[in-house]
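These are the residues of each chain, in order.
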Amino acid sequence: MTFKEQVASDIDNVFLNFDEFGEYHDIEGKQVLMIIDNDKLAELKMSQKEKSQILELVEADILLYARTPELPKSLEPGNLINFDGKVMIIRYSNAAMGITELAIAQNKMY
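Cut-offs used in this document
Residues numbered from 1 in each chain as written. Predicted model: local features only at pLDDT ≥ 70, side-chain atom pairs only at ≥ 80, totals over all residues. Heavy atoms only, no water. Helix = DSSP H or I, 4+ residues; strand = E, 2+ residues; numbered from the N terminus. Buried < 20%, exposed > 50% of the residue type's maximum accessible area, 1.4 Å probe, protein only. Contact = heavy atoms within 4.5 Å. Areas by Shrake-Rupley, 256 points an atom, 1.4 Å probe, with all protein chains shown as cover. Pairing = 2+ DSSP bridges. Core = buried A, V, L, I, M, F, W, Y, C linked by side-chain atoms within 4.5 Å. Lys, Arg positive; Asp, Glu negative; His and termini not counted. Salt bridge = Lys/Arg side-chain N within 4 Å of Asp/Glu carboxyl O. Polar contact = N/O pair within 3.5 Å; in protein donor to acceptor, adjacent residues only side chain to side chain.

**A closer look at the overall build of the protein chain**
- Regarding its fold elements, the protein chain presents three helices and six strands.
- Residues counted as buried form 36% of the 110 residues belonging to the protein chain.
- Contacts spanning at least 24 positions in sequence make up 50% of the contacts within the protein chain whose residues lie at least 6 apart.
- When the accessible surface of the protein chain is summed, it comes to about 7200 Å², and 53% of that surface belongs to carbon and sulfur atoms.

Written as structure tokens, this is what we have:
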């Protein structure tokens, strides 16, 4: 098995395993298996003084990880996305090795 095949297998059998970590949420009308990591998001918000802090993540309400092919193609920061029936703003998006890290925030009007 090649490294890429092993990573793809790990995504399905370990990381996004519904029985262990994954849960389904609605993204743009499609049920997508993902991991919500708001503990990591809270950790980032508490450590704002760190040099590696990413402002877009601090401004987010939800940090999630999902298979890249299951998500919409356009995940540019500032775009709107429907998450579980709520319109959210994309704050940060990064895809690597078949997984997308996506930080979204509630669409708040001031």
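**Side note on the pairing of strand β5 (residues 86–96)**
- Inspection of the sheet shows strand β4 (residues 80–83) paired to β5 by four bridges, in the antiparallel sense. Looking across to β5, one finds that Ile-81 is bridged to Met-88.
- Hairpin connection between β4 and β5: a loop of two residues separates the two successive antiparallel strands, and Asp-84 in this loop has a positive phi of roughly 50°.
- Relative to strand β6 (residues 99–106), β5 runs antiparallel, the two being bridged by eight bridges.

**Examining the nonpolar core**
- Of all hydrophobic cores here, the largest spans 14 residues; its most connected members are Ile-27, Met-34, Leu-64, Ile-81, Phe-83, Leu-102 and Ile-104.
- Looking at this core, the elements that each hand over two or more residues are β2 (30–36), β3 (62–67), β4, β5 and β6.
- Top element by residues in this core is β3. It accounts for three residues.
- Among residues more than four places away in sequence, those in contact with Ile-27 are Val-32, Met-34, Leu-71, Pro-72, Ile-81, Asn-82 and Phe-83.
- In this structure, Ile-35, Leu-63, Tyr-92 and Ile-99 belong to the second largest nonpolar core, which totals seven residues.

**Focus on unusual backbone geometry**
- Residue Glu-28 is not a glycine yet carries a positive backbone phi of 50°.
- Residue position: Glu-28 is located in the loop between β1 (23–27) and β2.
- Not every positive phi belongs to a glycine, and Asp-84 is a case in point at roughly 50°.
- Among the secondary structure elements, Asp-84 is positioned in the loop between β4 and β5.

**Considering the side chain of Asp-26**
- With respect to the helices and strands, Asp-26 occurs in strand β1.
- With no salt bridge to any partner, buried Asp-26 finds its closest opposite charge in Lys-30, at an N-O distance of 11 Å.
- Polar contacts involving the side chain of Asp-26 include one to the main-chain amide nitrogen of Gly-29, which spans 3.0 Å.
- Those residues within four positions of Asp-26 in sequence are excluded, and the remaining contacts are Gln-31, Asn-82, Phe-83 and Asp-84.

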